[in-house]
Amino acid sequence: MWFDRTSATTSTIFWQAVGYGDCCLFIVQDDYLRFAFPLDDPASFGNTPPLIPTVARSIGDLLRIIPGSASPADKIYLVTDALAEWFLRGDHECRQPWRLLDALESISDLEEFVAARLHDGAMRNDDVTLVKIEFVLSAEHDSLA
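Residues numbered from 1 in each chain as written. Predicted model: local features only at pLDDT ≥ 70, side-chain atom pairs only at ≥ 80, totals over all residues. Heavy atoms only, no water.

Caption draft 1: Representation of the overall build of the chain within the structure. Scanning the chain from N- to C-terminus turns up three helices and nine strands. Secondary structure of the chain in N-to-C order comes out as β-β-β-β-β-β-α-α-α-β-β-β. For the chain, the proportion of its 145 residues judged to be buried stands at 35%. The long-range fraction of contacts in the chain, counting pairs at least 24 apart against all pairs at least 6 apart in sequence, stands at 67%. (Helix = DSSP H or I, 4+ residues; strand = E, 2+ residues; numbered from the N terminus. Buried < 20%, exposed > 50% of the residue type's maximum accessible area, 1.4 Å probe, protein only. Contact = heavy atoms within 4.5 Å.)

Here it is in structure tokens:
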């Protein structure tokens, strides 16, 4: 994911994302999932996602590149497949899963969260990565810090 701070104002942040496989980008705005990329349906996840090979071969037609914009109040989540599937399932069931992710404050919190989801069968046993992006405005410059 790439952000354009040079043209950003206090109300709009431009970005561009590259999608491949089943890692996902989610944008939550006003406590509502506004955008999911490249997958937006929990049924889209399986055991054989497209992978980027270590041996050179063309993957160009499988890459998806999309531009977009966000507001400084938006929350952006970049997550790997097991967490992405759980997140989308929670959203489809109107449970606002981002609220649980927002409560995590440390790696040990994330480990406990994942262990609990695995224990209750809510999440597949797979690698889990979570990156949460929030924008901070600089009061001095009235722009993104």
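That shown, we press on.
Caption draft 2: Unusual backbone geometry, seen in detail. Cis rather than trans, the peptide bond between Phe37 and Pro38 has omega equal to -5 degrees. Its location among the elements puts Pro38 in the loop between strand E4 (32–37) and strand E5 (64–70). For Asp30, which is not glycine, the phi torsion reads 50 degrees and is therefore positive. Among the structural elements, Asp30 can be located in the loop between strand E3 (24–29) and E4. In the Ramachandran plot, Gln96 falls in the positive-phi region, its phi being about 50 degrees despite a non-glycine side chain. Mapped onto the elements of the fold, Gln96 is located in the loop between helix H1 (81–92) and helix H2 (98–102). The exposure class assigned to Gln96 is partly exposed, which follows from its relative accessible area of 24%.

Caption draft 3: Expanded view of the sheet that holds E5. Reading across from one edge, E1-E2-E5 is the order of the three strands in this open sheet, with antiparallel pairing throughout. Every interior strand has two partners, whereas the edge strands, strand E1 (2–4) and E5, have only one. Strand after strand, the sheet turns through a mean of 20 degrees between neighbouring axes, direction not considered. Direction of pairing for strand E2 (residues 13–19) relative to E5: antiparallel, over a ladder of seven bridges. When the sheet's bridge partners are listed, Gly19 is paired in E5 with Arg64. (Pairing = 2+ DSSP bridges. Axes fitted to C-alpha atoms, helices over the stretch in contact; angles between N-to-C directions.)

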